[in-house]
Structure formats: C-alpha cells, structure tokens
Amino acid sequence: GVVDYQQVWEDMQRFTDNRTPQSADEFWLVEHPPVYTLGKGADEKHILARNQIPVIRSDRGGQITYHGPGQLLVYTLIDVRRIAIGPKELVNRIEQGVIDFLQKHSITGVRRPGAPGVYVNDRKIAALGLRIRKGRSFHGLALNVNADLRPFADINPCGYAGLETVNLSELSPGAVVAEVQQSLVATLATAIYAENPVRPEVRDWA
C-alpha cells in the first residue's frame, strides 16, 4: 500500500514506545508517496535543487534519501536486545539479507565500507537507515524495485555526490513490489534472526 511517510513514522514511534518484552517483532511493508527524508543529523547541503517533493527531517540515522511508489520499504521493528546483537551487527545482517535476496535473482550485491546499504556495479539499489531506542529498532530498509529514480538527481543520495541508483527491474526485468516482497522478507528474516527461533510478524499496508 502507498501510505504517507509521516503517518507510518509516527506509528513506528508509537509501536516502539508501547511494546513490551513479550511483544513480537514486526516487519512493516509499505510504499510512500514521493518524499525526501533527512536523517536526524543530516546536512541540508545535500539538497541540490528544490522541487515540489516535500522534505521531512526524521529521527533515523543517515543523510538524505528519496522514497516513492515502486520502492519497497521494509521497516524492521525489532527488540535488538532480545536477539542479543548490537546496532552494527543488525545493519550487517539486514544488508546480508538484501545481498542474499539479490543472489536469488542472479544479481551480485555488495557492501561499501562506511556507506550502509547495498550496491550493484557501484549503483545503490538499497538504502538503510535505523533508529534504536531503548534496545528496540525502527525505520529500516528501502529497496528500489521499479521506482521513478529521477528525484535522486536533485540530491546527493545518502550524502554522496554523484552516487547513482538503480532499480531491481532494470537488472531483473518485470520485477514489481507485490511480487518480490515475500522473497525479500524471507531472506531478511533468515539473515537477521539466524538460528534464533524468534520470527517477526509481517504487516502489509496494502
């Protein structure tokens, strides 16, 4: 479903603040209307040109990115303390889940040191931004599936000048959000939880 960014962000905060040690982890699957989001400490100098797309400063980590229809957001609401890993390991496992997902499509995804996310031939296919509060994570992963990528030209994506982005549909023709989300969620859950019996509940906003 295509749902306003502000609404989902506020719902994530509410969920995180109200959950208990017994609350199940959740993955929220959603697309957003066109919006730029800035991380908590992001520098606005990375906005290169003003257009009609709204800009929202959120409380996640990272710099500026773009969200729009055709980009799958997987918000990872996880009790990080319960699965006994730290923030860096959580980022690493989410990236690995994307890399494993791409491998299913015969696509080689890689990491870049110091630049969270997943890249294919130096073009960014997945962005990652998290917030961990009281040992619980929210925000998460954005995978370009078949989005209009032109709005990225008006920013330095994730704070990197000249960084190019790419859609999964360019590398795996015919890919659309509805058909890839189940596979992506499965590889993410396997990578994040490893041998832990805990598994997230999945909420599809559609």
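Predicted model, so just to flag it, every value in this text is computed and none were measured.

What counts, and where the lines are drawn
Residues numbered from 1 in each chain as written. Predicted model: local features only at pLDDT ≥ 70, side-chain atom pairs only at ≥ 80, totals over all residues. Heavy atoms only, no water. Pairing = 2+ DSSP bridges. Helix = DSSP H or I, 4+ residues; strand = E, 2+ residues; numbered from the N terminus. Axes fitted to C-alpha atoms, helices over the stretch in contact; angles between N-to-C directions. Contact = heavy atoms within 4.5 Å. Phe/Tyr/Trp six-rings, centres within 6.5 Å; stacked < 30°, edge-to-face > 60°. Buried < 20%, exposed > 50% of the residue type's maximum accessible area, 1.4 Å probe, protein only. Lys NZ or Arg CZ within 6 Å of the ring centre and 35° of its normal.

*Asks:* If you had to explain the sheet that holds strand E4 (residues 64–67) to someone new, which residues and values would you point to?
*Replies:* The strand order across the open sheet formed by three strands is E3-E2-E4, and the pairing between neighbours is mixed. The sheet terminates laterally at strand E3 (55–57) and E4, the two strands that pair on one side only. Along the sheet, successive strands turn relative to each other by an average axial angle of 25°, direction set aside. Here strand E2 (residues 35–38) pairs with E3 via three bridges, running parallel. Bridged to Thr 37 within E3 is Ile 56. Each of E2, E3 and E4 touches helix H1 (residues 5–18); the most contacted strand, E3, lies at about 15° to it.

*Asks:* Describe in detail the packing of aromatic side chains, supporting the description with residues and values.
*Replies:* In the structure shown here, the tally under the stated rule is four aromatic pairs. Where Tyr 5 meets Trp 9, the ring centres are 6.2 Å apart and the plane angle is 40°; that geometry is what we call tilted. Placement of both Tyr 5 and Trp 9 in helix H1 is noted, with a separation of four residues, approximately one turn of the helix. Accessibility assignment for this pair places Tyr 5 and Trp 9 in one class, buried. Ring geometry for Tyr 66 versus Phe 152: centroids 5.5 Å apart, planes at 80°, classification edge-to-face. A residue pair is termed long-range when its members are at least 10 positions apart, and Tyr 66 in strand E4 and Phe 152 in the loop between strand E9 (136–144) and strand E10 (164–165) qualify at 86 residues. The buried category is assigned to Tyr 66, whose relative accessible area is 4%. Taking the relative accessible area as the measure of exposure, Phe 152 reaches 7% and is therefore buried. Each member of the aromatic cluster is reached from another via a ring pair, and the members are Tyr 36, Tyr 66 and Phe 152. It is Arg 112 that lies over the ring of Tyr 119; its NZ or CZ is 4.5 Å from the centre.

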